[in-house]
Amino acid sequence: MSGLSAETRPSPADRVLVLLERVVPAPSAWAFALRIWLAMVLALYAGFWLQLSGASSAAVCVAILAQPKRGQALSKALYRFLGTLAGGAISILLIGAFGQDRVLLLVSVATWLGLCVFVAHFLQDTRAYGAMLAGFTVAIVAVAHIDTPQAVFEAAIDRVAAITIGIVAITFINDALASPSTWRTLRKPLSEALSATRAFARETLSRADPGSERAAALIRQIAVMRADASAIGGELDDGARRAAGARSAIAALYAMAAASRAFTAAAALLDRQSKAVAEARRICLGLTDDGKPDADAASHRLGALVDEAIQSETSAPLEILALQRGLDFARAASFAEDGLNALSTGCRPKRDVALPTHRDLPVALRGAARVGIAFGATALLLIAAGWPATSFALVQVAATCSLSAIAPDSKAFARGVLIGMPIAALCAGIVLFGVLGGEQGFPLLAIAIAPVIFVACFLSLNPPTFGIGFILLVFFMVLLSPSNPQTYDAQTFLANAFLVTMAACILFVAVRIVLPISPAQRRAFALDSARDSVLDALAGDGGDATTRTSLNSDRLLQFSQWSSGSGAVRAASLDRAFDLARLESAAARAHAQLCRLPDEPSLNDAARQAREGLEAADAATLARSVRAFLRHGRSVGGPTRLDIARLVSDLVTAGGIMESQHRLLRRLGILRPA
């Protein structure tokens, strides 16, 4: 045995190789770092050649736009340019209005910062970054020139020019060195998410519902692809079609998971399983194979089963519900395959849908107020202390607080800033006074900054150290501040290093003591938002069902991230959240189907009952309308029968949730007190 153990034990060389694989970055990371370094060098050279007063801003722009994929960098560059234009225009306006009154100027800047952060909370991805950038650009242009208001216009023009140079530099380098396309890198995770969704549906249909915890985990796997899907549009001539395909596939994956759970729940409530439901289950299980199932043929057959059930006098509402959810699953599977094909080939997908995200108004208000309070408190503190470089410190506070406001986890970002700022200051000091040491040659500068840029890029590619890497990459260039000729003022450098570190400390404290939001508060905000959405859907203001599915999935994802407690309590809490989402979706779809029904006397009374039942959240009235629709549905044409089937399935779903969750709905004010 000892001999076998010795033979199977890894050799020292193998251990070294394993360690090197963990420590040494992958070739793709080296390629990314090389592109960013070359783009920074090119931006600096162009800025020096054009004799811009803020040439270093071009390199900082490249650092901020550092993204491993081409589409991400292009999307961020577009909204950075638009945000800079908006911020520059507002800077000129504020200086013109309050240039002689510093108090009013600082108050107006703080207000503008808060407004931009508030708007950014309700936007997605790079759009949110653009809105946030429009806020702290005012601090960079207006506050930095608070003592020389006559120079604001020239400073705004210089900043726009520097940003343009940075955008052109990184775009040129990404194209010249074949930066990875976002659509190519998205294809694999989207295929894996489709396989995971099929596996989830196969388990749900063949065994039992895996539960809300597993459903939330699947939603999390799907949701992370939204950012890449929105960044594809500007990559190629057919980028818009590829992006539409990715969005369609992501929305279809949400629908597949929901439909499989709804089919199983409805089938379990049947007293006996009919042949039609058994056949529908077999068809849906066939669609979960990872081969090439014919989803269109499955949809055609399931549609026929639904039509037969509507015409049969013996079909129960729950049977129609199960068959309709099977048809929904097949259609979603068809959209998922079509969307993945459109992403891969660039052909036009069957549909183009939006993927809205959920944002809570109280969270947005608190984030905006936090940025304004932190900026104002810092201004008061520095002015009272008589600090000579107040404007520089305010710019850093505005930038870091604004960036933290749109970060997924503000506290984690603040920790990264607190760690990254001193490291950035140390690296800038070593390069400036140790490596350069008074020299003025551009080649030496390009070589000296390379190690820091490479390390920062490696750190930014690792999710746990992303904040540290991003701050190191950006603020290393801010503190180094390359210029032509290069200045070597140690006192100014140390003062700036102290101020950026102080800004990091202010951010770290602000996110914890200024209007903090606990997980319990976030859950309460999400629940309040879900309640309002359910009430809107019941009243007929639910909007498009497909976009509501994406919005509900995002709300459920956030709710699951902030849920805590024991396993049983967490599972029960998630179950209630999923029930509210199902009620909202069912009510929104039901109102949409009611609007599509033909104006026939035999259906008008049933439609009126259905609307009254939804608006009053009355399960008994909904049940009566279902019976009326089934009674009159046999005498209408085929397309109308299918509309009635969809309507009946949603009315049955809504009524079932109203009965099973009446205590929760009554506590939320959705149901009237008994």
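Only a predicted model underlies this, so the values are computations on that prediction, with no experimental measurement involved.

On to the state of the cysteines. Taken as a whole, this structure holds zero disulfides when the rule is applied. The thiol of Cys61 is not disulfide-bonded; the next cysteine sulfur, from Cys457, is found 14 Å away. Overall, Cys61 belongs to the buried group, its relative accessible area being 0%.

It is worth spelling out the packing of helix 9 (residues 182–206) against helix 13 (residues 275–286) at this point. For the pair helix 9 and helix 13, interaxial distance at closest approach is 9 Å and the crossing angle is 160°. Judged on the interaxial angle alone, helix 13 and helix 9 are roughly antiparallel. Remark: the crossing between helix 9 and helix 13 carries left-handed chirality. Each of Arg202, Leu205 and Ser206 in helix 9 lies in contact with helix 13, whose residues at this interface are Arg281, Cys284 and Leu285.

Our focus in this paragraph is the confidence of the model for the protein. Across the protein, pLDDT averages 84, with 94% of residues at or above 70. Scored below 50 in pLDDT, residues 1–6 makes zero contacts in the model with residues more than four places away or belonging to other chains.

What follows concerns the pattern of salt bridges. By the definition in use, this model includes 20 salt bridges. Salt-bridge contacts for Glu203 lead to Arg214; the nearest nitrogen and oxygen are separated by 2.8 Å. Within this pair, whereas Glu203 is found in helix 9, its partner Arg214 is found in helix 10 (residues 212–223), the two being separated by 11 residues in sequence. Among the salt bridges present, the one from Arg646 reaches Asp643, with a minimum N-O distance of 2.4 Å.

Peptide bonds are mostly trans, and most non-glycine residues show a negative phi. For Ser481, which is not glycine, the phi torsion reads 45° and is therefore positive. Mapped onto the secondary structure, Ser481 falls in the loop between helix 20 (466–480) and helix 21 (490–513). Overall, the relative accessible area of 32% leaves Ser481 in the partly exposed class. Of note, the phi angle at Leu515 is positive, near 50°, even though the residue is not glycine. By the secondary structure assignment, Leu515 is in the loop between helix 21 and helix 22 (519–538).

Residues Ile36, Phe375, Leu473 and Phe476 are the most contacted members of the largest nonpolar core, which totals 113 residues. Apart from residues no more than four positions distant in its own chain, Ile36 is found in contact with Val62, Ala66, Ile170, Ile453, Cys457 and Leu473.

Moving on to a positive patch on the surface. A surface patch of positive charge is lined by Arg624, Arg627, Arg631 and Arg634. Inspection of the secondary structure puts Arg634 in the loop between helix 26 (619–633) and helix 27 (638–660).

Moving on: a nonpolar patch on the surface. Together, Leu426, Ile430, Val435 and Leu444 give the surface a local cluster of nonpolar side chains, amounting to about 340 Å² of exposed area. Here the nonpolar patch gets three residues from one element, more than from any other, and that element is helix 18 (residues 410–436). Summarising the element assignment, Leu444 is placed in helix 19 (residues 442–460).

Glancing now at the side chain of Arg641. In this structure, Arg641 sits in helix 27. Reaching out from Arg641, the side chain makes a polar contact with the side chain of Asp307 at a distance of 2.6 Å. Excluding residues that lie within four positions of it along the chain, Arg641 makes contacts with Asp307, Ile310, Gln311, Gly633 and Val636.

This part takes up the packing of aromatic side chains. Taken as a whole and judged by the stated rule, the model has eight aromatic pairs. Aromatic side chains Trp30 and Phe458 sit 4.8 Å apart centroid to centroid with 70° between the ring planes, which places their arrangement in the edge-to-face category. Highlighted residues: Trp30 in helix 3 (residues 27–49) and Phe458 in helix 19, separated in sequence by 428 residues. What makes Trp30 partly exposed here is its relative accessible area of 39%.

As a further point, take the packing of helix 4 (residues 56–64) against helix 8 (residues 152–176). One way to put it is that helix 4 packs onto helix 8 with a least axis distance of 8 Å and a crossing angle of 50°. With respect to helix 8, the axis of helix 4 lies oblique. The handedness of the crossing between helix 4 and helix 8 comes out as right-handed. Mapping the contact onto sequence places Ser57, Ala58, Cys61 and Val62 in helix 4 and Arg159, Ala162, Ile163, Ile165, Gly166, Ile167 and Ile170 in helix 8. A class-by-class count of the residues in the contact of helix 4 with helix 8 yields eight nonpolar, two polar and one charged.

So, how was this worked out
- Residues numbered from 1 in each chain as written.
- Predicted model: local features only at pLDDT ≥ 70, side-chain atom pairs only at ≥ 80, totals over all residues.
- Heavy atoms only, no water.
- Disulfide = S-S within 2.5 Å.
- Buried < 20%, exposed > 50% of the residue type's maximum accessible area, 1.4 Å probe, protein only.
- Axes fitted to C-alpha atoms, helices over the stretch in contact; angles between N-to-C directions.
- Helix = DSSP H or I, 4+ residues; strand = E, 2+ residues; numbered from the N terminus.
- Parallel < 35°, antiparallel > 145°, perpendicular 65-115°, else oblique.
- Left-handed = near helix turned anticlockwise from the far one by under 90°.
- Contact = heavy atoms within 4.5 Å.
- pLDDT = per-residue confidence, 0-100.
- Salt bridge = Lys/Arg side-chain N within 4 Å of Asp/Glu carboxyl O.
- Core = buried A, V, L, I, M, F, W, Y, C linked by side-chain atoms within 4.5 Å.
- Patch = residues over 30% accessible without salt bridge, like charges linked within 9 Å, V, L, I, M, F, W, Y side chains within 5 Å.
- Areas by Shrake-Rupley, 256 points an atom, 1.4 Å probe, with all protein chains shown as cover.
- Lys, Arg positive; Asp, Glu negative; His and termini not counted.
- Charge placed at Lys NZ, Arg CZ, Asp CG, Glu CD.
- Polar contact = N/O pair within 3.5 Å; in protein donor to acceptor, adjacent residues only side chain to side chain.
- Phe/Tyr/Trp six-rings, centres within 6.5 Å; stacked < 30°, edge-to-face > 60°.
- Nonpolar A, V, L, I, M, F, W, Y, C, P; charged D, E, K, R; others polar.

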